[in-house]
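Per-entry structural report
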Amino acid sequence: MADEHQVPAWADRMAAFIHRRFRVVLLVGLVFAIVSTAAATNLKIDQELRRLLPDHFPSVTRLDRLQARAGQQSDLYVTIRSPSREANIAFGDAVAEALRGRDDLRYVVFRRDLAYFDEHALLYASLADLLDLRRRVIAKIREEVGKQAFGDFSDDSPGEAGTKDDAGALGFDPDEMRERYGVSEASEEYMEADEGRVMVVKMRPTQPATDLEFAGALTEEVRSIADGLDPHSFHHELSFELNGSYVQHQKRVKDVQNEVRGGSIAAVLALLATLALYFRSPRAVALVMLPLLGSVVGALAFGWIAFGVLNIVSAFIFAVLLGLGIDFGIHVLARLRQERGRGLSSQDALAVCLATSGKTTAAGAVSTALAFAALSIADFQGFAQFGQVAAVGVLLSLLGSVVLMPALFVAFERVRPWTPPAPGATRDDLGSWGKALSIFALVLAVGGTIAAGWAAANIGDLEYQHDLKKLGPVRPKSNGPPRAGYRDAVGKAQTVDPAVVLVDTPQQAIDVQRQLDALLAMTPEEVAAFDPDAPPTRPMPEPPETLDAKVADLDEEEDWDDEGDDFDDGWDAQDTDLDDPVFVALETKAVAEAVMSGHTAALLGRYDTERLSDMRRRLAKVWSVHAFVPRQQEEKLKVIADIRARLDAKKASMSATSKAQIDEWYPYLSVSEPVRVGALPGWVTGQFEDTDGDVSRFVIVATKGSKANIVNSRGIYASFASLFTSGEGEAAEVDLAADFFVIPEIFDAIDADGPKVMAVSVGVMLLTALVLLRNLWGVLGVALTVGFSLLWLAAVFLGLGWKLNFFNIIVLPLLLGMGQDDALHLVERHREEVERTGRSNLGRVLREAGGAIFITTLTTVWGFSGILFANHRGLESMAWAAVLGMTLALIASVVVLPFLLEFGRRLRASPRSSGAEPPAQ
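Residues numbered from 1 in each chain as written. Predicted model: local features only at pLDDT ≥ 70, side-chain atom pairs only at ≥ 80, totals over all residues. Heavy atoms only, no water.

**A look at the overall build of the chain**
So the rule is basically this: In this description a helix means any DSSP run of H or I spanning at least four residues, a strand means any run of E spanning at least two, and both kinds are numbered starting from the N terminus. Each residue's exposure class comes from its accessible area (1.4 Å probe, protein chains only) as a fraction of the maximum for that residue type: buried when under 20%, exposed when over 50%, partly exposed otherwise. Here a residue-residue contact requires only that any non-hydrogen atoms of the pair lie within 4.5 Å. Computed with the Shrake-Rupley method and a 1.4 Å probe, the accessible areas treat only the protein chains shown as cover for residues.
Looking only at helices and strands, the chain has 31 helices and 12 strands in total. Within the chain, the fraction of its 921 residues that count as buried is 54%. Within the chain, counting contacts between residues at least 6 apart in sequence, those at least 24 apart form 84% of the total. A total accessible area of about 39700 Å² is found for the chain, and carbon and sulfur atoms account for 56% of it.

**Some thoughts on the packing of helix α27 (residues 742-773) against helix α29 (residues 811-837)**
To keep things clear, this is the line we draw: Helix axes are fitted only over the stretch in contact, all axes being lines through C-alpha atoms; the angle between N-to-C directions runs from 0 to 180 degrees. An angle below 35 degrees is read as roughly parallel, one above 145 as roughly antiparallel, one from 65 to 115 as roughly perpendicular, and any other as oblique. By convention the crossing between two helices is left-handed if the near helix lies anticlockwise of the far one by an angle smaller than a right angle, and right-handed if it lies clockwise. Note on residue categories: nonpolar means Ala, Val, Leu, Ile, Met, Phe, Trp, Tyr, Cys or Pro, charged means Asp, Glu, Lys or Arg, and polar means any other residue, Gly included.
Following both chains from N to C, one finds α27 and α29 inclined at 15°, their axes separated by 10 Å at the closest point. The orientation of α27 relative to α29 falls into the category roughly parallel. Viewed along their axes, α27 and α29 form a crossing whose handedness is right-handed. Between α27 and α29, the residues in contact are V757, M758, S761, V762, M765, T768, A769, L772 and L773 and L812, P813, L816, Q820, L824, V827, E828 and R831, respectively. Tallied by class, the residues present in the contact of α27 with α29 amount to 12 nonpolar, 3 polar and 2 charged.

**Quick look at helix α16 (residues 506-521)**
For clarity, the threshold we go by: To estimate the expected span of a helix, subtract one from its residue number and multiply by 1.5 Å.
Between its first and last C-alpha atoms α16 spans 22 Å; for 16 residues at 1.5 Å apiece the expected length is 22 Å, and the two agree. Within α16 the residues assigned to the buried category are Q508, A509, D511, V512, Q513, R514, Q515, L516, A518 and L519.

**Some remarks on the pattern of salt bridges**
In plain terms, the rule: When a carboxyl oxygen of Asp or Glu lies within 4 Å of a side-chain nitrogen of Lys or Arg, that pair is called a salt bridge.
Counted under the stated rule, the structure contains 35 salt bridges. In this structure, D64 engages R50 in a salt bridge whose closest nitrogen and oxygen atoms are separated by 2.5 Å. Here the residue D64 occupies a position in helix α3 (residues 58-70), and R50 occupies one in the loop between β1 (44-45) and α3, the gap between them amounting to 14 residues. Among the charged side chains, a salt-bridge network with shared partners connects D690, D692, D694 and R697.

**Re the nonpolar core**
The nonpolar side chains of a soluble globular protein tend to be buried, and buried together. To keep it simple, the criterion reads: In these notes, a set of buried Ala, Val, Leu, Ile, Met, Phe, Trp, Tyr and Cys residues joined through side-chain atoms within 4.5 Å is what counts as a nonpolar core.
Core analysis: the largest hydrophobic core is formed by 171 residues, its most contacted members being L516 and F806. In terms of residue count, the dominant contributor to this core is helix α13 (residues 381-415) (15 residues). Those residues within four positions of F806 in sequence are excluded, and the remaining contacts are L52, V313, F380, Y464, L468, I746 and I750. By size, the runner-up hydrophobic cluster in this structure holds 60 residues, among which are A125, L502, F583 and I662.

**Quick look at empty space enclosed by the protein**
Here is the rule: Site definitions follow a grid-based scheme: protein atoms alone, a 1 Å grid, a 1.4 Å probe that fits but cannot get out for cavities, and for pockets an open set with protein on both sides within 12 Å along at least five of seven lines, plus lining residues having an atom within 4 Å of a point. Grid points are joined across faces, edges and corners, and a volume is the space filled by probe spheres set on the points.
Tallying each qualifying case throughout the model produces 3 cavities of 30 Å³ or more. If you add up the space inside the largest cavity, you get close to 90 Å³. Lining the largest cavity are 13 residues, with H331, S357, H825, R829 and A849 sitting closest to its centre. Breaking the lining of the largest cavity down by element, the ones donating at least two residues are α11 (317-341), α12 (346-374), α29 and α30 (842-865). Residues of the lining of the largest cavity, tallied by class, amount to 3 nonpolar, 5 polar and 5 charged. Space inside the second largest cavity adds up to approximately 70 Å³. Lining the second largest cavity, in full, are L287, V288, P291, L292, S295, G325, I326, G329, S397, G400, S401 and M405. Listing elements by their share of the lining of the second largest cavity, those giving two or more residues are α10 (282-307), α11 and α13. Classifying every residue of the lining of the second largest cavity by side-chain character gives 6 nonpolar, 6 polar and no charged.

**Considerations on the sheet that holds strand β10 (residues 698-703)**
For clarity, the cut-off: Two strands pair if DSSP finds at least two bridges between them.
Across the sheet, 5 strands lie side by side as β9-β10-β8-β12-β11; this open sheet has antiparallel pairing. The outermost strands of the open sheet, each flanked by one partner alone, are β9 (619-623) and β11 (722-724). For this sheet, the mean angle separating the axes of adjacent strands, direction not counted, is 30°. Sheet strands in contact with α3 are β8 (499-502), β10 and β12 (733-737), and its direction is about 95° off that of β12. Each of β8, β9, β10, β11 and β12 touches α16; the most contacted strand, β9, lies at about 145° to it.

**Considerations on the confidence of the model for the chain**
Put simply, the rule reads: Confidence of the predictor at the level of single residues is captured by pLDDT, which takes values from 0 to 100.
The share of residues in the chain with pLDDT of 70 or more is 85%, and the mean pLDDT across the chain is 82. Taken element by element, the predicted model of the chain shows its lowest mean pLDDT in helix α18 (residues 548-557) (46) and its highest in helix α4 (residues 85-99) (95). Residue range residues 153-169 is modelled with pLDDT below 50. Its contacts to residues more than four positions away, or to other chains, number 24 contacts. When the criterion is pLDDT under 50, residues 550-575 qualifies, and its contacts beyond four places in sequence or with other chains add up to 22 contacts.

**Brief notes about helix α8 (residues 212-228)**
When the terminal C-alpha atoms of α8 are compared, their 24 Å separation across 17 residues agrees well with the 24 Å that a helix rising 1.5 Å per residue should span. Those residues of α8 not exposed but buried are F214, A215, G216, L218, T219, V222 and A226. Of the residues flanking the end of α8, it is D230, one or two places downstream, whose phi is positive at about 55°.

**What to know about the packing of aromatic side chains**
For clarity, the cut-off: Each Phe, Tyr or Trp ring (for Trp, its six-membered ring) is paired with any other whose centre lies within 6.5 Å, and the angle between the two planes then decides the class: stacked below 30 degrees, edge-to-face above 60, tilted in between.
As enumerated under the stated definition, the model contains 22 aromatic pairs in all. Between the aromatic rings of Y116 and F117, the centroid separation amounts to 5.9 Å while the plane-to-plane angle is 85°, which identifies the pairing as edge-to-face. Here the two residues Y116 and F117 agree in accessibility, since each one is buried. Seen in terms of ring centroids, F117 and F628 are 5.8 Å apart; in terms of plane orientation they differ by 45°. Their pairing is tilted. Of this pair, F117 sits in helix α5 (residues 115-119) while F628 sits in the loop between β9 and α23 (633-650), and the two are 511 residues apart along the sequence. Of the two residues, F117 and F628, neither departs from the other in class, the shared state being buried. One aromatic cluster is present, formed by Y116, F117, Y124, F628, W683, F688 and F698 through successive ring pairs.

**Describing unusual backbone geometry**
Even without glycine at this site, E195 takes up a positive phi of about 55°. Of note in the backbone geometry, Q632 takes a positive phi value of approximately 55° without being a glycine. Mapped onto the fold, Q632 is located in the loop between β9 and α23. A relative accessible area of 15% places Q632 in the buried class.

**Section: the pairing of β8**
In β8, alternate side chains face the same way, and those of A499 and V501 on one face and V500 and L502 on the other are all buried. Alignment of β8 against β10, held across 4 bridges, turns out to be antiparallel. Its bridge partner lying in β10, L502 is registered against F698. Two elements, β8 and β12, share 3 bridges in a ladder whose sense is antiparallel. Counted as the bridge partner of L502 is D735 from β12.

**As for the environment of V684**
When you line up the elements, V684 lands in helix α25 (residues 682-685). Spatially, the C-alpha atoms of V684 and D113 are 9.8 Å apart, while their sequence positions differ by 571 residues. Residues within four places of V684 in sequence aside, it is in contact with F117 and F628.

**So, a nonpolar patch on the surface**
Condition: Candidates for patches are residues over 30% relative accessible area with no salt bridge; among them, like charges are joined within 9 Å and nonpolar side chains (Val, Leu, Ile, Met, Phe, Trp, Tyr) within 5 Å.
On the surface, L27, L30, V31, I34 and V35 cluster together into a nonpolar patch covering about 490 Å² of accessible area. Note on placement: L30 falls in helix α2 (residues 22-40).

**A look at the packing of α8 against helix α9 (residues 245-279)**
Viewed as axis vectors pointing N to C, α8 and α9 meet at an angle of 120°, and their least axial separation amounts to 10 Å. Our classification of the angle between α8 and α9 gives oblique. For the element pair α8 and α9, the recorded crossing hand is left-handed. Residues L212, F214, A215, G216 and T219 of α8 pack against Y246, V247, H249, Q250 and V253 of α9. When grouped by side-chain class, the residues that make up the contact of α8 with α9 number 6 nonpolar, 4 polar and no charged.

**Examining the environment of G781**
Inspection of the secondary structure puts G781 in helix α28 (residues 776-800). Taking the relative accessible area as the measure of exposure, G781 reaches 6% and is therefore buried. C-alpha of G781 to C-alpha of L901: the two residues are 120 residues apart in sequence and 7.2 Å apart in space.

Structure, rendered in structure tokens:
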């Protein structure tokens, strides 16, 4: 071995072992690769946001409770289109009938039978409206009696049907009452849009949409069943499609898998081309790529064992690890080739390589792995999972580079020795370019310092992306005006995963339903001034016009002799009816409890006024099985019974027109039993049935605004995360569960984890640099190089108006590790040259180490560039941050760092009169 290389014993022993046992090493590597590949094929991608948080977070535990209590709440829709409403109805009936009774569907709804609600229509009117109807009936009866007593003032004679359109004169309109049901689902017989040209069959599967195998099988079967009914036989233009989260989730997963596959293939091809151009040897490509692929597959196998699935942040870890892991192989192989080119035997060259570049590579790899491992302390699983898988991948790549690749190198040597050309002569300095490059480096250093200072001064202006819609896929723009779809037919609030209040008793569900209904009924001003002891009221409708004025007019014109006339007695009886204390008391109650009962007012009084106002502003709708059960039914039945009795007593003496009106809506007065949950139609109760068969233990809440916006979702979380019900203490509070409640907790976790992760990463970087270099000036050079590159990246973000998000922020620990790795190789090679020759020899350092740093940066960039194939703006932002960050780290390492090293060397040498070179830097 050449005297100039002082190889430690451990490197000699390791090189000798690899030379002697290379077959064993290759066999172990092959078995590991086969087993890892088998395991990695089971790894799936789960895009649910809940996967970004640990299981103990409140939003996640609530979703788990919801799943256990109510089962999954997503629906599958068959959307039917044709110009014929009748054809759509016929096809929808056929589809629904074919799907009913399946074990994998909890219910199927197409036609909603409204007969039960028609029979109980008057119970859905307010108590005030029914009392007003009673007044109108009394007034109508008085009018008919007056006609008989004073003569007919109208165009109709008693007993004859008039011709004027008098419908609804008694104050009752069946269509209007239909709108009083309070829950929009009950207002239409079919879920339809565009005047029936679009209709929907709705079904709720038993398993969640995230169960891809189940979802795929179910959608295919539903599609096959509908196809088997021959849609064109119903109408030649009739078509159908499947919609909802079951279809959307499958498409998203398939799109991401295709993008991951395409990005990974593109990254591999780019890496192969780069290696081929740099080493100009097919052997070099195989030496680097084979161990690398085995290492990355091993990391994916670890991901499957540790997590089962990858979250959306970790989805492109394969391409990322290719770019990261290839650096180690390039550094080791480049040095190995250089030593072989200098005439060393393969074993001696390997020993020198392991003692120099191998050691530096190991330090950089360990530092990078520890920086990634630091992410595992985070609660945010986007950090933790990515960090753990990446740390394992980096360490496996290191092993592949310093163990498996040398064994493969020895195997190739046994078949055909590799004789790379000797490295060309390199000047001890930078030659004629030295002065120009020094000036350039100085200018760049000064400019970079200014840019870094500006970024540091304005770092507080970096913004965080609060709208997750701007981090998701770019939706293609549709041509022409949007056409009606299943969301229009079903109702947009019904087609998204709902927010659900988890209750333990039916009374708690009723409490939640009533207080949120009351909030919707109040005006913002009433909410702001809410007093539970004096809740808002609503006046009774204006009393109907009576015959008092007509009687007065007749009295002025004629002197009536009422002696012996029993009309006054009848008239007085009618006046007494209006003053009946029972109904006067009901009117008082109707006014006082028009908006809410005293019990509901007491519940709302437990919230502070500011929160109530925020709840009112954000609340859009609330529904449960109890929304179909009207309030004050006992009082309403009493009023209906009184109206019915009066009409039965007076109908015979009324006009033909009035009789016809009464006959039209008299069946609605036949109701004598209250609406009960158990009597509601199955299409109503089915959507609220939980896993125990109970239909009364959860309430669905719809809120306003984009749930992807952190500001809005955090506001909803603060307002509705827990609600008060009857009882005392914790038992009186119930929780709201929603997928979008994960969003504010994700941001809170990032806010808490970010500083800790960065502090640990910086500490790891400084510690590993100090352990390897054992020189404070060298550590300072590494720290400044990494710091400059990060501040330059911040300057780019500030200058371009880019925002941080939970995708690109994960790049920061990566840049710490990779930037340090670049700097360590340059500092260590510079020290080697000083120790070996007593001179800096920057020309050789930049040519050999700088070239390797350039190619490793390029390969890392290729790895992250594979992510740019994804139609996902969050992942794209991560890729761009990594590409720019690595490029800036390269500039800092090969331009700024040499300037710092040379400046340090001269600074330390200046007191020496001999002019000798200083000790190693």
